[in-house]
Amino acid sequence: TDVNNLAFRATSFDELVEAYLEQTRGLLDGGVDLLMVETVFDTLNVKAALYAIEECFGQKGCRVPIMLSVTITDNSGRTLSGQTMEAFWNSVSHAPLFSVGINCGLGSLKMRTYIEELSSLAPIYLSCYPNAGLPNAFGRYDETPGNMSKTLAEFSANGWLNFVGACCGSRPDHIREIASTVKGLPPRILPKRKRLMRLSGLEPLTIETGINFVNIGERTNVTGSRHFARLILD
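Small disclaimer: the values here were computed from a predicted structure and weren't measured.

Attention now moves to the overall build of the protein. Check the secondary structure of the protein and you find seven helices and seven strands. The helix and strand sequence of the protein, counted from the amino end, reads α-β-α-β-α-β-α-β-α-β-α-β-β-α. Taken over the C-alpha atoms alone, the protein extends approximately 70 × 45 × 40 Å along its principal axes. When each of the 234 residues of the protein is scored for burial, the buried share is 38%. Surface accessibility of the protein: about 13900 Å² in total, with carbon and sulfur atoms responsible for 54%. Counting 22 positive and 24 negative side-chain charges, the protein places the averaged centre of each group 5 Å from the other.

Set out below in structure tokens:
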């Protein structure tokens, strides 16, 4: 991506769709029970994946559940391509997803704010499987099974999770401890959200009663674009 041109990618949408189509066909032919698009850091990329999956479902005449998981790459709380959590959800909420969630990233402790926010936004199942912290100077992960399971149990007890697990740096001990700690906790109840027009760029935009006047196509005007001014004059 290019911070000065947010639409720039080193490949095309159509090329991505073709690649994801090939992967999806192979997985479905192999008999998978679900498809998981995970560690998402670029929403335009994931839109190509979701489009390809739906195309493949149509071609093969079958369907399996789709899980989707985003990753937050730094303390800004944004994806690598710059979206906030709500903007990300608005961008993918059109898809018939089984679940959405957050994985990888900064470790469980630093996921708290974003898991809580996404849990309030998405009226579908929610997953969380963080890294065991960030790698240290020796490339090892320092978050212990006890620490990670304690944090994820708190998320679960707060009613934020339906699926829980662990990502980079985790070992069987992490999974065993997490499973033991959350056992018996009730799963998250899906929230009901008011049906509104919810749009997104890097930030979300919700159109509802009381909102100020909304300009659509702001740059398409004679004062903001010399090229457009010339077109109007011509």
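Moving on to a negative patch on the surface. Among the surface-exposed residues, Asp 14, Glu 15, Glu 18 and Glu 22 lie close enough to one another that they form a single negatively charged patch. Here Glu 18 shows up in helix α1 (residues 13–29). Judged by its relative accessible area of 47%, Glu 18 falls in the partly exposed class.

Pairs of packed helices are described in terms of their axes, by the angle between the two and the distance that separates them. Contact pair helix α3 (residues 85–92) / helix α4 (residues 112–121): the axes reach a minimum separation of 10 Å and the direction vectors enclose 40°. Helix-helix and strand crossings are classified by hand; for α3 and α4 the assignment is right-handed. Residues Met 85, Glu 86 and Trp 89 of α3 form the contact with α4, whose participating residues are Tyr 114, Glu 117, Leu 118 and Leu 121. When its residues are assigned to classes, the contact of α3 with α4 shows five nonpolar, no polar and two charged.

In terms of residue burial, strand β4 (residues 125–130) counts as a mostly covered element, since five of its six residues are buried. In this structure, strand β3 (residues 99–104) lies alongside β4, joined through six bridges in parallel fashion. Counterpart to Ile 102 in the pairing with β4 is Cys 128. Tracing the backbone out of β3, into α4 and back to the parallel element β4 gives a crossover that is right-handed. Inspection of the sheet shows β4 paired to strand β5 (residues 163–164) by two bridges, in the parallel sense. Looking at the pairing, Ser 127 lines up with Phe 163 of β5.

For the rest of this paragraph, the subject is the pattern of salt bridges. The full count for this structure, using the stated rule, is seven salt bridges. When the shortest N-O distance is used, the salt bridge between Asp 42 and Arg 9 registers 2.6 Å. A residue pair is termed long-range when its members are at least 10 positions apart, and Asp 42 in the loop between β1 (35–40) and α2 (43–60) and Arg 9 in the segment before α1 qualify at 33 residues. For the residue pair Asp 42 and Arg 9, the accessibility class agrees, reading buried in each case. A salt bridge links Arg 78 to Glu 203; its shortest N-O distance comes to 2.4 Å. You can see Arg 78 sitting in the loop between β2 (66–70) and α3 and its partner Glu 203 sitting in the loop between β6 (197–200) and β7 (204–207), a full 125 residues away along the chain.

Take the packing of aromatic side chains next. According to the stated counting rule, one finds five aromatic pairs in the structure shown. Seen in terms of ring centroids, Phe 155 and Trp 160 are 5.6 Å apart; in terms of plane orientation they differ by 40°. Their pairing is tilted. Pairwise contacts between aromatic rings join Phe 98, Tyr 125 and Phe 163 into one cluster.

Within α3, seven of the eight residues are buried, which leaves it mostly tucked inside the rest of the structure. Taken together, the buried positions of α3 are Met 85, Ala 87, Phe 88, Trp 89, Asn 90, Ser 91 and Val 92.

The rules behind each value
- All residue numbers refer to position in the chain's written sequence, counted from 1.
- Residues qualify for local features only when their pLDDT is at least 70, as the model is predicted, and side-chain atom pairs are given and counted only at 80 or more; totals for whole chains, interfaces and linings, by contrast, use all residues.
- Values reported for side chains reflect all heavy atoms of the structure, with hydrogen atoms and water molecules removed beforehand.
- By the criteria applied, helices consist of DSSP H or I runs no shorter than four residues and strands consist of E runs no shorter than two, each listed in order from the N terminus.
- A simple rule labels every residue: compare its accessible area, found with a 1.4 Å probe on the protein chains alone, to the largest value its type can have, and call it buried under 20%, exposed over 50%, or partly exposed in between.
- Areas reported as accessible are Shrake-Rupley estimates using a 1.4 Å probe. Residue values count occlusion only from the protein chains shown.
- Residues counted as positive are Lys and Arg, residues counted as negative are Asp and Glu, and His and the chain ends are not counted.
- Charge positions come from single atoms, namely NZ of Lys, CZ of Arg, CG of Asp or CD of Glu.
- Residues enter patches when they are more than 30% accessible in relative terms and free of salt bridges; like-charged ones are connected within 9 Å and nonpolar ones (Val, Leu, Ile, Met, Phe, Trp, Tyr) within 5 Å.
- Salt bridges are defined as contacts in which a side-chain nitrogen from Lys or Arg sits within 4 Å of a carboxyl oxygen from Asp or Glu.
- The axes are straight lines fitted to the C-alpha atoms, using for helices just the contacting stretch, and the angles between their N-to-C directions are given from 0 to 180°.
- Note on convention: near helix rotated counterclockwise from far helix by under a right angle means a left-handed crossing. Clockwise means right-handed.
- Residues count as neighbours in contact if any of their non-hydrogen atoms are within 4.5 Å of one another.
- Under the grouping applied here, Gly and all other residues not named as nonpolar or charged are polar, the nonpolar ones being Ala, Val, Leu, Ile, Met, Phe, Trp, Tyr, Cys and Pro and the charged ones Asp, Glu, Lys and Arg.
- Two strands qualify as a pair provided DSSP detects at least 2 bridges between them.
- When the strands point away from the viewer, a crossover counts as right-handed if the path from the first strand over the helix to the second runs clockwise.
- Aromatic contacts are taken between Phe, Tyr and Trp rings whose centres are within 6.5 Å, Trp giving its six-membered ring; a plane angle under 30 degrees counts as stacked, one over 60 as edge-to-face, and the others as tilted.

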